[in-house]
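Results of the structural survey
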Amino acid sequence: MKFDIVVIGGGHAGIESAYIAAKKNLKILLITNHLDLIGQMSCNPSIGGIAKGNIVREIDALGGLMGELIDNCGIHFKMLNLSKGSAVWGNRAQADKEKYRKLARKRLEDNKNLFLLQSIVKRILVKNNSISHVELETGEKIKTKAVIVASGTFLNGIIHIGLYSYSSGRMGEPAVKNLTEAINELGIKSGVLKTGTSPRIDGRTINFEKLEKQEGDKNPWRFSYRTDFPIKNSAVCWISKTNENTHKIIFDNLDKSPLYTGKIKSIGPRYCPSIEDKIVRFGERNGHALFLEPENLENNEFYLNGLSTSLPFDTQIKMVKSIKGLENAKIQRPGYGIEYDYFFPVQLKSTLESKIINNLFFAGQINGTSGYEEAACQGLIAGINAAQKIIGEEEIILGRENSYIGVLIDDLITRGIDEPYRMFTSRAEWRILLRQDNSDERLMPISYKLGYLDEKVFLKRKREWEKKKNIKEILKSKKIKLHSENDGKIKDEKITAFELIRRPEINIEDILQKMNINIDDKELMINIESDIKYEGFIEKQKLEINKYKKSEYIRIPKEIKYENINGLSNESKQKLNKIKPIYLGQAMRIPGITQTDINLIILYISKYHHQYVSRETMGSDYELFT
């Protein structure tokens, strides 16, 4: 068996890797331990959220699949953060997880170049420091030019429910043994992280009359630019909270928690902690919010969001029954904690290719991230770059200035992680430019140029950009008369509609109605309003980005010897040799690297590698660095 690319893992990273790479007419094989569980949502069956919704839109703009899947399988859509500026809005959707995974598999099988195999990979074989084969646990060897490892939480996974532990990659599925150790033998280092999930409740046993109803939006936003049907809500979610009795039950049983007895030694996600962590750290609160969210439309299973736990099953039963509306609730699946292997992401290039083994890529939770969206975007970038390398075309490296995906990957490979990484808007320096409503303008030209975006989709969006530009020009050219009163005097003034919309208290919809301009697409209208209201900030951030780019994208020579740079501390030399930054900007963001270190590197490159930094190559920017 021969394939151009082998993808290991059928989760959200693996799906995007295989799907996007197959667009280049390469022969792709996706190997997973259970074909029926491709795209399984092992935690909360939802997509999007604050910052995460931006990532899904970026995946879609680059030609990926996640946005289309959730638009087709979503059952409850809600835009978060609507009380704040549009730069930090976050679209979120509850999914019918059964429908989601079935559609994900179908979309993969619709491609004649993409093949699926149910098996487990035991080893990755290398020849002359490049990928040659993968070996299955049954002994077969599959020849391939590149491998993308996207194995989620399955590598040496251990599930914890109270003090009872067992080997598993996800509840009901076996862990993958030996692969971590085989990759370690290639010189790639690994660690252990922890995450967890909440109990699932039988909806027939919930007293919904005691709960607060959470409806979806009346006019939901789509995630995909390809979606041409109206988005509908077909389910509601419900809200409850913990109480003093819940907290007492947790405190009384901490001696049975693997987290607090030392059985779990690895670090879990800071921003999605277990209920045990919440109560110990914030026990003084009256209660912690809980969300009961349907897992699909075919049965009565509800996910109890906010109650992630690894306490014993009997304790979970008491805990659940202490909650308002759940007094008679039955647990269908207990919550659990899981420890799993991951590989230190500082060992990767910006393309997500290993710095140690050629044509070996890593994507998803095994790079230390948490969340379906974070995994999917890595899978997409790894899939594109693996395909690009095989066909001998330019790689794709997204920057911090043009995407949340670029921020995520840069954080991973330069700063590393010591806990599961989750994306937030606060991680992006230029988030006003990285809004979800302009993902298409930012990224579609890139994916279209590389051949991963259909021409029909690109041209349709391009017409929308022209339409937006024309409407903004009309708003700049038309003046509106205003009446104002000051000290009893009435004053008339004329101001352009564009300038008027810049005012925080003015709504664009009111102005458009006054001017008899009809925009049916509410997304386009909000996009125009956001551009106008943020215009001053956008111009300022563009200036910052231009300044940033001057240093960010200066290449550091591969052959540089940090040991020879006088003035660099031994600690700085060790960090630079470990991470091997490709660009000067990456070196700047390595924890512990100072501006003095950067200046010394620039001087060294100027003196000994002047082809990278010289008057001839940099022009007027040369003075900035020397």
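Note that this is a predicted model, so its numbers are computed, not measured. Counting from 1, residues in each chain are numbered in the order their sequence is written. In keeping with the predicted nature of the model, local features appear solely for residues at pLDDT of at least 70, side-chain atom pairs appear and are counted solely at 80 or more, and the whole-chain, interface and lining totals rest on all residues. Excluding hydrogens and water, the side-chain values take into account all heavy atoms of the structure.

Brief notes about the pattern of salt bridges
By definition, a salt bridge exists where a carboxyl oxygen of Asp or Glu is found within 4 Å of a side-chain nitrogen of Lys or Arg. Evaluation of the coordinates by the stated rule reveals 42 salt bridges. Between Lys213 and Glu215 there is a salt bridge, with the nearest N and O atoms lying 3.9 Å from each other. Across the pair Asp531 and Lys468 runs a salt bridge whose closest N-O atoms are separated by 2.6 Å. Here the residue Asp531 occupies a position in helix 15 (residues 522-533), and Lys468 occupies one in helix 12 (residues 455-477), the gap between them amounting to 63 residues. Like Lys468, Asp531 is buried. Residues joined by salt bridges that share partners form a network here, namely Arg400, Asp410, Asp411, Arg415, Glu429 and Arg589. By definition, any uninterrupted DSSP run of H or I lasting at least four residues is a helix, any uninterrupted run of E lasting at least two residues is a strand, and each is numbered from the N terminus. When accessible area is computed with a 1.4 Å probe and restricted to protein chains, residues below 20% of their type maximum are described as buried, those above 50% as exposed, and intermediate ones as partly exposed.

Points about the packing of helix 11 (residues 439-450) against helix 12
Every angle, taken between N-to-C directions, lies between 0 and 180 degrees, and every axis is a line fitted to C-alpha atoms, over only the stretch in contact when it is a helix. Where helix 11 meets helix 12, the axes come as close as 11 Å, and the angle between the chain directions of the two elements is 145°. Two packed elements cross with a definite hand, and for helix 11 against helix 12 that hand is left-handed. Taking contact as the criterion, the partners of Asp440, Glu441, Met444, Pro445 and Tyr448 in helix 11 are, on helix 12, Glu455, Val457, Phe458, Arg461, Trp465 and Lys468. Counted by class, the contact of helix 11 with helix 12 contains 6 nonpolar, no polar and 5 charged residues. The hand of a helix crossing depends on one turn: near helix anticlockwise from the far one by less than a right angle means left-handed, and clockwise means right-handed. The criterion used for residue contact is that any of the two residues' heavy atoms lie within 4.5 Å. Amino acids outside the nonpolar list (Ala, Val, Leu, Ile, Met, Phe, Trp, Tyr, Cys, Pro) and the charged list (Asp, Glu, Lys, Arg) are all regarded as polar, and Gly is one of them.

As for the side chain of Ser17
Secondary-structure assignment places Ser17 in helix 1 (residues 12-21). For Ser17, a relative accessible area of 0% translates into the label buried. Beyond its immediate sequence surroundings of up to four residues, Ser17 is in contact with Val7, Ile148, Gly379, Leu380, Ala382 and Gly383.

Comments concerning the environment of Glu293
Turning to its location among the elements, Glu293 is positioned in strand 16 (residues 289-294). Given a relative accessible area of 2%, Glu293 falls into the buried group. If sequence neighbours within four positions are ignored, Glu293 has contacts with Asn44, Arg92, Gln94, Cys237, Glu301, Phe302, Tyr303 and Asn305. For the purposes of these results, a polar contact is taken to be a pair of N or O atoms within 3.5 Å, where, inside protein, one atom must be able to donate a hydrogen and its partner to accept one; residues adjacent in sequence count only when each atom of the pair is a side-chain atom. Within polar-contact distance, the side chain of Glu293 engages the side chain of Asn305 at 3.3 Å.

Digging into the sheet that holds strand 14 (residues 212-214)
Strand order in the open sheet made by the 6 strands is 14-15-16-17-13-18, with antiparallel pairing throughout. Across the chains shown, the open sheet's two edge strands, defined by having one partner strand only, are strand 14 and strand 18 (331-333). This sheet shows a mean twist of 35° between the axes of neighbouring strands, independent of strand direction. Only strands that DSSP links by at least two bridges are regarded as paired with each other. For strand 16 and strand 17 (residues 301-305), the ladder comprises 4 bridges, and the chain directions are antiparallel.

Thoughts on the pairing of strand 8 (residues 130-136)
With respect to burial, strand 8 is a largely interior element, 5 of its 7 residues being buried. Where strand 7 (residues 121-127) meets strand 8, 6 bridges bridge the pair, whose relative direction is antiparallel. Bridging from a neighbouring strand, Lys127 pairs with Ser130 of strand 8. Where strand 7 folds back on strand 8, the antiparallel hairpin that results is connected by 2 residues, among which Asn128 adopts a positive phi of roughly 55°. Taking the residues between adjacent antiparallel strands as the criterion, strand 8 and strand 9 (residues 141-149) are bridged by 4 residues, where Gly139 takes a positive phi near 105°.

A few points about empty space enclosed by the protein
The definitions used throughout rest on a 1 Å grid laid over the protein atoms alone, on which a cavity is an enclosed set of points accommodating a 1.4 Å probe that cannot get out and a pocket is an open set flanked by protein within 12 Å on both sides along at least five of seven lines; lining residues are those having an atom within 4 Å of a point. Grid points are joined across faces, edges and corners, and a volume is the space filled by probe spheres set on the points. Applying the stated criterion to the full structure yields 4 cavities of 30 Å³ or more. In this structure, the largest cavity occupies an estimated 110 Å³ of space. Lining the largest cavity are 15 residues, and of these Ser350, Ile397, Leu398, Asp410 and Gln586 sit closest to its centre. Here the element with the most residues in the lining of the largest cavity is helix 10 (residues 404-415); it accounts for 4 residues. Looking at the lining of the largest cavity residue by residue, the classes come out as 7 nonpolar, 4 polar and 4 charged.

Quick notes on the layout of surface pockets
Taken as a whole, the second largest pocket holds about 650 Å³ of empty space. Every residue lining the second largest pocket is counted, 26 residues in all, and those nearest its centre are Lys349, Lys355, Lys558, Lys580 and Ile582. When the residues that make up the lining of the second largest pocket are grouped by side-chain class, the tally is 9 nonpolar, 5 polar and 12 charged.

Purely geometric numbers; function is a separate question.
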